[in-house]
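# Structure assessment
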Amino acid sequence: MAKQHSDKPEITPFEGPAGGWGSVRSLAEIFPRERVPPETLRELVRQNKPDGFQCVSCAWPKPANHHPVEFCEEGAKATAWELTTYRTTPEFFAKHTLAELRGWKDYDLEQHGRLTHPLRYDAATDKYVACAWDEAFAEIGAVLRPLDPKSVVFYSSGRTSLEASYMYGLMARMYGNQNLPDSSNMCHESTSVGLKAAIGVPVGTTRLEDFEQCDAILFFGQNVGSNAPRMLHDLRSARKRGVEIITFNPLRERGLERFTDPQNPIEMATRAETNISTQYHQVKAGGDIAAMMGIAKFLVEWHDAAILAGQPAVLDTAFIEAHTHGFEDFVAAVRAADWGAIVHEAGLAKTALEEAARVYAKSKAVMAIYGMGLTQHVKGVENVRMVVNLLLMRGNIGKPGAGPTPVRGHSNVQGQRTVGITEKTELVPVEKLEAQYGFTAPREKGLDTVESCRGVIDGSVKAFVALGGNFLRAVPETGPMEAAWTNLDLSVQIATKLNRNHLFPGKVTYLLPCLGRIETDVQASGPQVVTVEDSTSCIHASRGKATPASKHLLSEPAIVGALAKQILPANPKVDWDAWVADYATIRDAIEQTYPLVFRDFNARLFQPGGFWKGNKASERIWQTESGKAEFLTPTGLSATGFADADGRFRLMTLRSNDQFNTTIYGYHDRFRGVKGTRDVLFMHAADIAAAGLKENQIVALESDAGDGITRRREGLIVTPYSIPRGCLGAYYPECNVLMPVEHFAEESHVPAAKSVPVKIVA
Ligand SMILES: Nc1nc2c(c(=O)[nH]1)N[C@H]1C(S)=C(S)[C@@H](COP(=O)(O)OP(=O)(O)OC[C@H]3O[C@@H](n4cnc5c(=O)[nH]c(N)nc54)[C@H](O)[C@@H]3O)O[C@H]1N2
Ligand SMILES: Nc1nc2c(c(=O)[nH]1)N[C@H]1C(S)=C(S)[C@@H](COP(=O)(O)OP(=O)(O)OC[C@H]3O[C@@H](n4cnc5c(=O)[nH]c(N)nc54)[C@H](O)[C@@H]3O)O[C@H]1N2
Ligand SMILES: [Mo]
């Protein structure tokens, strides 16, 4: 059995750079901890290479001209996590009831290792017991067939391949619903909605080569050192060329400050560091709209003055004229915005915004990179639209080195949407699917994540199938959600490791173990490859070569195919078995549904760097309602969606350097100086004093949403930190219990995890 966690907490400032010797030391701890055998380490060398496997961690692009080792500390942790030699077997489940396991920490559950057998929950003993695959599929089918399809949810987490995702979405539609929430609903849906409306594509417009052509980067709310570390190489090269990087983040994240390349022997030996950000603005959580309004206001003022003085224009008026719509309204709002309000909402001095605007105004090609710090707010979509506004003002979309660059989360989360994992009819070629498969596809919008949560709580959702992920841990309102989960008629969880969602059974419950992407996947036609799409719309093949964790595992396509055969009437136009026997035939079907994107799919999948899906906005073709790129006038300056009040704080729920979402690798958030605990509450020293608290005091947080519901998180250690006043930071997912299900981004329904209204209880 793996060792349970028992370190002593220690919180001290971390002085080193991101990367560097710290990341090497971190790896030296990880591999022995997971007991990964030395021969498996060769898998690391194949990570993110054209004939290798695509990392199961983040979605950052994999370059065509790869480095000798194309992985980072986090990617290596993710690989070790999947290749661990620990196993969670039927003998383990014979020893522990679910009631007991619910008392375990996330870390201890997953650290027990890979699931080995299909399992059925036995209510009499409160334990999982091994079962046969056929038995599992038959009973799941028997429960699902008579249910109203509208009451069934098919969740997926963004790691699932294009092949399995396509089958899964099709299965749901043939069954009769589009209840296809995925992790994107909690993540970049604000991007998908905001960019689609603004520039006609739901994704970023840039590619890796743009890093070589930009002269400035605006960087909002993404923690690159922990969550997309391979991007540090691109940022470092850009810095070496003199590119200015202007960062907006409430916390001083180490990856955004300094980086030593752990793969560069000279940098390592000399402890050389590259400073990443040239300006660092500790904006208030939810203050980005205000900050960007301030920059826009300077641009307009300087533009007006330049025109008066007969000097070159500051705004790209030719571009605005030819390519955009809504500029007059927007610019009127910019002129009308009050400096006092901007400075107050952003929490930044006017001179700081002026500095940022100066660099932006003189740069010819600017990328705007962003993450959850923008999308996970009540006004998350407006945050994204404001980024576009800024870019449009100077024609920074659709030219080399410029454009919006959302940093996607899971390794195939963007690709899932491309092949039909969505609750929205307009995003799927329904007529095409109907013609291809001879059925009538549902037109009624399906349930997204927030709506699925409501449905579980109010009892209208009767069955939940999860293709990966840890839904119940990742969503808001975890208290009532856990309580309501046991009312489900059916809970099916397809997973690689045990997590907290699996400990809440429905009336019928199955835990189905699957192959991971790094493992060999042999089907009737031989070893298979799968495909994924990265953050820059490049599609890559992934070939697993490691020995599967257990001989009882099925692949995700095989599990989806078997489920589909159970719940759907036989249909001569879909041969699920043939698809499972040879994934190339699934890719042919995908190509038939999406002929433009997936032209010659099977011929192109091994192209180094992936093959690019194309992007109309990057050609300045705007597939929007007006046929132009749209300016949006923001409705206000704050993104939080709630008013400030005495004693009310804005809680940002954060990832540590030692986790992948709900998977906790360990208890060291090295860059933030936290060791041995996750029960940390980051807080400004002046706020600590003003609240009459002391460093290291243990406090609770309570929801301050004003909806009369008590939500509480106990046992947090007050930790003085460099963070704006009025803001707090603490770790996700342990703080999700504090988030109301109704606290989400307007339009996109992304839970507003970066500004949760809370109060402190001493
Ligand atoms: N190792 C590792 N890699 C990962 C993940 C992981 O958990 N671990 N998760 C993956 C997934 S699914 C995703 S979506 C991405 C997540 O990657 P990120 O987008 O980096 O998400 P978070 O870690 O939640 O951090 C968001 C950052 O935004 C800042 N922030 C918070 N509020 C605001 C605000 O109002 N304004 C601004 N400007 N900044 C703000 C925080 O200080 C933090 O630095 O990473 C992916 N990659
Ligand atoms: N408060 C707060 N809440 C958040 C966020 C936040 O920043 N703050 N972030 C949100 C974001 S951005 C996201 S993306 C979601 C994440 O939500 P999810 O994607 O649902 O969660 P993960 O933690 O990534 O899922 C981990 C589980 O996936 C399973 N798994 C791993 N690999 C595989 C595989 O290859 N196949 C299968 N079938 N299963 C596998 C394992 O059993 C593991 O326990 O959380 C969201 N929730
Ligand atoms: Mo995500």
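Just so it is clear, the structure is predicted and the values come from calculations on it, not from any experiment.

## Focus on the UniProt feature "domain: Molybdopterin dinucleotide-binding" (unreviewed entry) in the protein
The feature "domain: Molybdopterin dinucleotide-binding" (unreviewed entry), as given by UniProt, occupies residues 649-757 in the numbering adopted here. Within residues 649-757, the helical portion is 6% and the strand portion 37%, while the C-alpha atoms at the span's ends are 6 Å from each other.

## Thoughts on unusual backbone geometry
Look at the link from Tyr732 to Pro733: it is a cis peptide, with omega at 0 degrees. Structurally, Pro733 is set in the loop between strand S33 (727-731) and strand S34 (756-761). The backbone of Ser537 shows a phi angle near 65 degrees, a positive value even though the residue is not glycine. Tracing the backbone through its elements, the reader meets Ser537 in the loop between strand S21 (530-533) and strand S22 (538-542). Of the residues examined, Ser537 reaches a relative accessible area of 1% and is grouped as buried. Although it is not a glycine, Asp600 adopts a positive phi angle of roughly 50 degrees. The exposure class of Asp600 is partly exposed, given its relative accessible area of 40%.

## Focus on the site of ligand 2
Looking at ligand 2, there are 34 residues lining it, with Glu110, Tyr155, Glu556, Thr662 and Asn736 nearest. In the model, an oxygen atom of ligand 2 is placed 2.9 Å from a nitrogen or oxygen of the Asn470 main chain. At 3.3 Å from a nitrogen atom of ligand 2 is found a side-chain nitrogen or oxygen belonging to Thr496. Taken by itself ligand 2 offers 930 Å² of open surface, and the protein chains cover 97% of this. Among the secondary structure elements, those contributing two or more residues to the shell around ligand 2 are helix H23 (471-474) and strand S17 (490-495).

## Considering the pairing of S33
Successive residues of a regular strand alternate their side chains across the two faces of the sheet. Of all five residues that make up S33, five are buried, and the element is covered over most of its length. Residues Cys727, Gly729 and Tyr731 point to one face of S33 and Leu728 and Ala730 to the other, with burial holding for every one of them. For strand S25 (residues 649-654) and S33, the ladder comprises five bridges, and the chain directions are parallel. Residue Thr653 lies in a different strand from S33, and its bridge partner there is Ala730.

## Remarks on the site of ligand 1
Taken together, 30 residues surround ligand 1, and among them Asn223, Glu253, Asp288, Gln659 and Asn661 come closest. For ligand 1, a nitrogen atom lies 2.7 Å from a polar atom in the side chain of Glu74. Between ligand 1 and Gly286, the relevant distance is 2.7 Å, taken from an oxygen atom to a main-chain nitrogen or oxygen of the residue. When ligand 1 is considered free in solution it has 910 Å² of accessible area, and contact with the protein chains removes 99% of it. Elements with a contribution of two residues or more to the shell around ligand 1: helix H10 (224-227), helix H18 (372-375), S25 and strand S26 (659-660).

## Here we look at the packing of aromatic side chains
According to the stated counting rule, one finds 28 aromatic pairs in the structure shown. Centroid distance Phe92 to Phe93: 5.2 Å. Interplanar angle 85 degrees. Geometry classified as edge-to-face. The two residues Phe92 and Phe93 agree in class, both being buried. Ring geometry for Phe471 versus Trp485: centroids 6.2 Å apart, planes at 40 degrees, classification tilted. Pair noted here: Phe471 is in helix H23 and Trp485 is in helix H24 (residues 478-485), with a separation of 14 residues, a long-range link. For Phe471, a relative accessible area of 0% translates into the label buried. Each member of the aromatic cluster is reached from another via a ring pair, and the members are Phe92, Phe93, Trp104, Tyr121 and Tyr128.

## Quick look at the domain arrangement of the protein
Here the protein is described as being made up of domain 1 (112-185 + 412-515 + 551-598), domain 2 (189-410) and domain 3 (649-761). With centres defined by C-alpha atoms, the gap from domain 1 to domain 2 works out at 37 Å. Surface buried jointly by domain 1 and domain 2 totals about 750 Å² across both partners, of which 46% is contributed by carbon and sulfur atoms. When the buried surface of domain 1 facing domain 2 is broken down by residue, Ser184, Val413 and Gln414 rank first, second and third, together holding 49% of it. Along the contact surface separating domain 1 from domain 2 lie two salt bridges. Notably, a salt bridge pairs Glu189 with Arg417, separated by 2.9 Å at the nearest N-O pair.

## Regarding the UniProt feature "domain: Molybdopterin oxidoreductase" (unreviewed entry) in the protein
UniProt marks residues 114-491 with the feature "domain: Molybdopterin oxidoreductase" (unreviewed entry), using the numbering shown here. When the span residues 114-491 is considered, its composition is 45% helix and 13% strand, and the gap between its end C-alpha atoms is 20 Å.

## Notes on the sheet that holds strand S32 (residues 712-720)
Strand pairing in a sheet is mediated by backbone hydrogen bonds. Such pairs are either parallel or antiparallel. Read once around its circumference, the closed barrel built from six strands follows the order S25-S33-S30-S32-S31-S34, with strand pairing classed as mixed. The sheet shows a mean angle of 45 degrees between the axes of neighbouring strands, taken without regard to direction.

Criteria and thresholds
Residues numbered from 1 in each chain as written. Chains lettered and ligands numbered in written order. Predicted model: local features only at pLDDT ≥ 70, side-chain atom pairs only at ≥ 80, totals over all residues. Heavy atoms only, no water. UniProt positions renumbered as here; feature names shortened; annotations may be inferred. Helix = DSSP H or I, 4+ residues; strand = E, 2+ residues; numbered from the N terminus. Buried < 20%, exposed > 50% of the residue type's maximum accessible area, 1.4 Å probe, protein only. Near = heavy atom within 4 Å. Polar contact = N/O pair within 3.5 Å; in protein donor to acceptor, adjacent residues only side chain to side chain. Areas by Shrake-Rupley, 256 points an atom, 1.4 Å probe, with all protein chains shown as cover. Pairing = 2+ DSSP bridges. Phe/Tyr/Trp six-rings, centres within 6.5 Å; stacked < 30°, edge-to-face > 60°. Domains from an automatic or database assignment. Buried area = accessible area lost by both parts, 1.4 Å probe. Salt bridge = Lys/Arg side-chain N within 4 Å of Asp/Glu carboxyl O. Axes fitted to C-alpha atoms, helices over the stretch in contact; angles between N-to-C directions.

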